[in-house]
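A closer look at the structure
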Amino acid sequence: MGETRRRDLLLAAALLLAALLLWGGLRLASRGGDALDAVVTVDGAVTARLPLSQDARLEIVSEGGVNLLVIENGAARVAEADCRNQVCVHSRPIAQEGELIVCLPHKVVVTVERHEGE
Amino acid sequence: MKGSRARRVATVGVLVALALIFSYVEVLIPFNFGIPGVKLGLANLVIVAALYELRAREAFLVDVTRIGVSSLLFGSVVSLWYSLAGGLLSFAVMALARRGGRFGTMGVSVLGGVSHNIGQLAVAVVLLGTGRLVWYLPTLLVSGVLTGALIGLVAERARPLLARRRG
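What you see is a predicted model; the values in this text were computed from it and never measured.

1. As for the domain arrangement of chain A
Here chain A is described as being made up of domain 1 (1–30) and domain 2 (36–114). On a C-alpha basis, the centres of domain 1 of chain A and domain 2 of chain A stand 30 Å from each other.

Here's what the structure looks like:
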């Protein structure tokens, strides 16, 4: 293996390690209890915080349109949206801290975070 | 060293056309591995090749032209911002890495893939106004490394073929 190839592989390994460390760091830095919430952000402002432990349906109304958030069996997903690309609808349900669903055209972000307060 | 001016202009045109075909292929068959926001970035194969076959200025021209035209054809005004942020940042990083000479084609392409994703995420953070998106960064770093490595390996294989065509 050439010197250059070795450096390339080292670079790739270092970047993968950085991703792992970042992920670990984010988890360590996040605060709150053990229970998880689905946090809805519309255009930068948090508009709702729903416990994942409770089944629920929420219409997220934004300037762009409407996304239907469904919480079922401890996981959140976007069941319907009137956006162009439907990326959020096709995103997998989220249930672990740090997972997220994004609707770029509506500026809607749904994240899973640890429950605040109590 | 890299042929006459006419030849280089023609090469720029051919590479732009090739990049657009690759973009179109990814529109038809999205290689996103089931993860939203992730893509293979086939068109970047052309940019990596251009960085090695042309002067930096001309490779830049290929990059900007293909971003503009593919946004017109397949995208929107908003997607143009994402493409520009990802494309220009990754071009700058790759051009510097190429000039530095420490890394091979694969390393240059890996740096390009990662910086492309960082640029796009930065635009998303600004447009959506939430730093919560930083949770997506680890995923995007990993996907940038993997797709960049793949593209880099293919570009490395393609280089002797391109050189033969030129000679």
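2. A short note on the packing of helix α1 (residues 5–28) of chain B against helix α2 (residues 43–53) of chain B
Packed helices, taken two at a time, are described by the angle their axes make and the gap between the axes. Residue and element names in this part refer to chain B. In the contact formed by α1 and α2, the axes pass within 7 Å of each other and the chain directions differ by 155 degrees. Taken together, the axis directions place α1 and α2 in an arrangement best described as roughly antiparallel. Together, L15, L18, A19, F22, S23 and E26 of α1 and A43, L45, V46 and A50 of α2 make up the contact between the two elements. In terms of residue class, the contact of α1 with α2 is made up of eight nonpolar, one polar and one charged.

3. Description of the nonpolar core
Counting residues in each nonpolar core, the largest one holds 52 residues, and the members touching the most others are L100(A), L51(B), V62(B) and L133(B). Those elements that place two or more of their residues in this core are α1 (3–29) and β6 (100–103) of chain A together with α1, α2, α3 (56–74), α4 (77–100), α5 (105–128) and α6 (137–166) of chain B. Two domains each provide a minimum of three residues to this core, namely domain 1 (1–30) and domain 2 (36–114) of chain A. Those residues in contact with L133(B) that sit more than four places away from it in its chain are L100(A), V102(A), V109(A), L121(B), A124(B), V125(B) and L128(B). In terms of nonpolar packing, the next biggest core, distinct from the first, is built from 20 residues, A38(A), L69(A), C88(A) and I94(A) among them.

Cut-offs applied
- Per chain, residues are indexed from 1 in the order of the written sequence.
- Working convention: letters from A go to chains and numbers from 1 go to ligands, in the order in which they are written.
- With pLDDT at 70 or above as the cut-off, local features in this predicted model cover only qualifying residues; side-chain atom pairs require 80 or more to be listed or tallied, and sums for whole chains, interfaces and linings still use all residues.
- As a rule here, side-chain values come from all non-hydrogen atoms in the structure, and water together with hydrogens is ignored.
- Just so you know, the domain bounds were taken from an automatic or database domain assignment.
- Axis lines are fitted through C-alpha atoms, for helices just across the contact stretch, and the angle between N-to-C directions can take any value from 0 to 180 degrees.
- What counts as a helix is a DSSP run of H or I of at least four residues, what counts as a strand is a run of E of at least two, and both are numbered from the N terminus.
- With respect to orientation, any angle under 35 degrees is reported as roughly parallel, any angle over 145 as roughly antiparallel, any angle of 65 to 115 as roughly perpendicular, and every other angle as oblique.
- The criterion used for residue contact is that any of the two residues' heavy atoms lie within 4.5 Å.
- Residues are grouped as follows: Ala, Val, Leu, Ile, Met, Phe, Trp, Tyr, Cys and Pro are nonpolar; Asp, Glu, Lys and Arg are charged; every other residue, Gly included, is polar.
- What makes a nonpolar core is a set of buried Ala, Val, Leu, Ile, Met, Phe, Trp, Tyr and Cys residues whose side-chain atoms join them at distances within 4.5 Å.
- Throughout this description, buried means an accessible area under 20% of the type-specific maximum (1.4 Å probe, protein chains only), exposed means over 50%, and partly exposed covers the range between.

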